[in-house]
Amino acid sequence: MKTYNYLLNTISQKGAAYLVLLDPDKLNDNDLSRFIVHCEHSGVDGFLVGGSLMINGHFESFLDKVKTLTSLPIIIFPGSENQVCQSADAILFISVVSGRNAEHLIGKHVLAAPLIKKYNLEPISTGYIIVESGTITTAEYMSGSLPVPRNKPEIAAATGLAAEYLGMKLIYLEAGSGADKPVTNEMVKAVSSYCSVPVIVGGGIRSPQIAREKIESGAKIIVTGNFLEDINNWGLIKEFADAVHVKLTLAV
Ligand code: 1GP
């Protein structure tokens, strides 16, 4: 429970946690070291590594490299059971609870569980709620499931509560990487107020202001990925971290 407890402690001390998603397909070795140093200096709390679709197939060596570059927690955000690797600290053990596709609710997990045990990874059981965001996202397409309609916060809230009652430790409200529109504040509020476990919000968050709105709506972890793949946006990482760390900024 080391990484999960680290996240809970971060939430308790800073108000919320800020995780950056690293996509092995998007970062070359040179940019990766600079990017990770920049993230560490800017107040990022940890890294998610993974994606719904991996084209280049060098996931394991990418993780090994990330491990040498940071002491922050590295959490696998698996798009498939092939992304279970040793060099991470933990893995989001994701069940796509918004869908009704058995493979993504339990099937892939049966394949992944023995490897997670073998590699001594910390599984963090996560109820993953894919939310409609304007266009069909990779996460939505690859999961082969219908997303929750974006204007139906009550469906997301009931789904999140069911995930919590099934014992899941986190609820991830996912608009999809590069989504046109992030999950609405209303939906974040509905899920956060209805559930007791921390709510992660990701997908289409392209400004510190939007990140802050999600925190003010009750999110406890913010994930950004796509927006920071453009080097011109790296200067905003500290602003993102400050926007998320609401307790620290209020204390100043
Ligand atoms: C995707 O929630 C993450 O699974 C991050 O989304 O890449 O749009 O920031 P972005």
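Since we're looking at a predicted model, the values are computed, not measured.

Section: the site of the ligand
Piece 1. Looking at the ligand, there are 14 residues lining it, with E174, S177, G178, G225 and N226 nearest.
Piece 2. Take G203: an N or O atom from its main chain is 3.1 Å from an oxygen atom of the ligand.
Piece 3. Within the backbone of G225, one N or O atom sits 2.8 Å away from an oxygen atom of the ligand.
Piece 4. In isolation the ligand exposes 310 Å². Once the protein is present, 97% of that is buried.
Piece 5. Among the elements of the structure, β6 (170-174) and β8 (221-224) are those that each provide at least two residues to the shell around the ligand.

A closer look at the pattern of salt bridges
Piece 1. The tally for this structure, following the rule as stated, stands at eight salt bridges.
Piece 2. Note that R34 and D31 form a salt bridge whose closest N and O atoms lie 3.4 Å from each other. Here D31 and R34 lie together in helix α2 (residues 29-42), a separation of three residues that amounts to about one turn.
Piece 3. Overall, D31 belongs to the partly exposed group, its relative accessible area being 22%.
Piece 4. Notably, a salt bridge pairs K108 with E81, separated by 3.7 Å at the nearest N-O pair. With a gap of 27 residues between them, K108 in helix α4 (residues 102-118) and E81 in the loop between β3 (74-77) and β4 (90-96) connect regions that are remote in the sequence.

Things to note about the environment of Y165
Piece 1. Within the secondary structure layout, Y165 lies in helix α6 (residues 153-165).
Piece 2. Between the C-alpha atoms of Y165 and V244, which are 79 residues apart in sequence, the distance is 27 Å.

Some points on the packing of aromatic side chains
Piece 1. Counted under the stated rule, the structure contains six aromatic pairs.
Piece 2. With a centroid separation of 5.3 Å and 5° between ring planes, the pair formed by F77 and Y172 is classed as stacked. Of this pair, F77 sits in strand β3 while Y172 is found in strand β6, placing the two residues 95 residues apart along the sequence. In this pair, the class of F77 matches that of Y172, namely buried.
Piece 3. Among the aromatic residues, those joined into a ring-pair cluster are Y18, F227 and F240.

Notes on the nonpolar core
Piece 1. Counting 61 residues, the largest nonpolar core has Y18, V20, L22, F35, L173, V201 and I222 as its most contacted members.
Piece 2. Look past the residues within four positions of F35 in its chain and what remains in contact with it is V20, L22, L27, L228, W234 and I237.
Piece 3. Of all hydrophobic cores here, the second largest spans 22 residues; its members include A17, I75, I130 and A139.

Quick notes on the sheet that holds strand β2 (residues 46-50)
Piece 1. Sheet architecture is closed into a barrel: eight strands sit in the order β1-β2-β3-β4-β5-β6-β7-β8, paired in parallel fashion. Within the sheet, the average angular offset between the axes of one strand and its neighbour, ignoring direction, is 30°.
Piece 2. The pairing of β4 with strand β5 (residues 122-130) spans seven bridges and is parallel. Within β5, the residue paired with V96 across the bridge is Y128.
Piece 3. Lying on the sheet, helix α1 (residues 2-14) is in contact with β1 (17-22), β3, β4, β5, β6 and β8; it crosses β5 at an angle near 60°.
Piece 4. Against the sheet, α6 makes contact with β5 and β6, and its axis sits at roughly 160° relative to β5, the strand it touches most.

So, how was this worked out
Residues numbered from 1 in each chain as written. Predicted model: local features only at pLDDT ≥ 70, side-chain atom pairs only at ≥ 80, totals over all residues. Heavy atoms only, no water. Near = heavy atom within 4 Å. Polar contact = N/O pair within 3.5 Å; in protein donor to acceptor, adjacent residues only side chain to side chain. Areas by Shrake-Rupley, 256 points an atom, 1.4 Å probe, with all protein chains shown as cover. Helix = DSSP H or I, 4+ residues; strand = E, 2+ residues; numbered from the N terminus. Salt bridge = Lys/Arg side-chain N within 4 Å of Asp/Glu carboxyl O. Buried < 20%, exposed > 50% of the residue type's maximum accessible area, 1.4 Å probe, protein only. Phe/Tyr/Trp six-rings, centres within 6.5 Å; stacked < 30°, edge-to-face > 60°. Core = buried A, V, L, I, M, F, W, Y, C linked by side-chain atoms within 4.5 Å. Contact = heavy atoms within 4.5 Å. Pairing = 2+ DSSP bridges. Axes fitted to C-alpha atoms, helices over the stretch in contact; angles between N-to-C directions.

That is the geometry; function is a separate question.
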